[in-house]
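# Overview (structure and organization)
Spelled out from the first residue to the last, the chains are:
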Amino acid sequence: MKTIELSHSFTYRVAEDSKKKLAESGSLKNFSKILVEQSNQTNPDKYDPLKYRGDGFEWFAEFFFKYFDGDNLFLNVCNYEPAKASSDYGVDGVGKYSKDLSKVVCLQHKFKSNISKKLSSKEDGLSNFGVNAVTKYSAEIDEKYLIVFTNASGIERTTSEGIYQGCITCINGEIISRYVDNNQAFWDCFGKTVSKVST
């Protein structure tokens, strides 16, 4: 079994039993449901519910990309690491393009309670992502290197085709589900990874 270490702040900020419940959910749909339930039970003065959801999904994304590191079928991301929270102006994670390790891949993660929703630049702040990917991380403007990872259904055309001119890839809920739903090895490894970390 792979040895995976998670560095996202959610790893250290949330109680082990809550993380374990998420890591044993067995599907993206269940993970999303449990994440919303947990966020609604947190003290909003200690952990804003929307931030809890966003952080929890970024934490999931970290495990996802580390588990499927180097997948050349569709993901094409390796050496993934979360962006430092202090420097998050749209980029949530950075990796390398698995088919050319000289290329930087930048990712933005978006969690939606309504998974049938499409993301937009106005409502979901996607416009900062491309600018920050290029200026801070020197990513090239290309669909291979700019990725939005979301449990939602996708990105509105006015954003993907209008603002980004087709130079963005969306790994949406349907694609994520194909990788993780009923994938016992994935969820077993996630659970064991969580168990290794003490809060």
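All values reported here derive from a predicted model rather than from experimental measurement.

### A short note on the environment of N40
The residue N40 is located in helix 3 (residues 28-41) in this model. Take N40: its relative accessible area is 51%, and that puts it in the exposed class. Expressed as a C-alpha distance, the spacing of N40 and S102, which sit 62 residues apart in the sequence, is 42 Å.

### Looking at helix 6 (residues 127-137)
Of all the positions in helix 6, only F129, G130, N132, A133 and Y137 are classed as buried. Packed against the buried residues of helix 6 are strand 2 (93-97), strand 3 (100-110) and strand 5 (146-150). With its phi angle positive at about 60°, S138 sits one or two positions after the end of helix 6.

### Looking at the environment of F65
Position of F65 relative to the elements: it lies in helix 4 (residues 49-67). Once the C-alpha coordinates of F65 and G93 are considered, the two residues, 28 residues apart in sequence, prove to be 9.7 Å apart. Contacts of F65, omitting those with residues within four sequence positions, involve L75, V77, Y80, L107, H109, F149 and I171.

### Quick look at helix 2 (residues 16-23)
Residues K19, L22 and A23 constitute the buried set of helix 2. Projected down its long axis, helix 2 shows its buried positions confined to an angular sector of 95°, all on one face. Summarising the contacts, the buried residues of helix 2 are in contact with helix 1 (10-13), helix 3, helix 4 and helix 9 (184-196).

### Overview of the packing of helix 4 against helix 8 (residues 173-180)
Packing of helix 4 against helix 8 leaves a shortest axis separation of 13 Å and a crossing angle of 50°. By the angle class used here, helix 4 and helix 8 are oblique. When you trace helix 4 past helix 8, the crossing you get is left-handed. Where helix 4 approaches helix 8, its residues F57, F60 and F64 are matched on the opposing element by I176, Y179 and V180. Partitioning the contact of helix 4 with helix 8 into residue classes produces 6 nonpolar, no polar and no charged.

About the thresholds
- Residues numbered from 1 in each chain as written.
- Predicted model: local features only at pLDDT ≥ 70, side-chain atom pairs only at ≥ 80, totals over all residues.
- Heavy atoms only, no water.
- Helix = DSSP H or I, 4+ residues; strand = E, 2+ residues; numbered from the N terminus.
- Buried < 20%, exposed > 50% of the residue type's maximum accessible area, 1.4 Å probe, protein only.
- Contact = heavy atoms within 4.5 Å.
- Arc of directions from axis to C-beta.
- Axes fitted to C-alpha atoms, helices over the stretch in contact; angles between N-to-C directions.
- Parallel < 35°, antiparallel > 145°, perpendicular 65-115°, else oblique.
- Left-handed = near helix turned anticlockwise from the far one by under 90°.
- Nonpolar A, V, L, I, M, F, W, Y, C, P; charged D, E, K, R; others polar.

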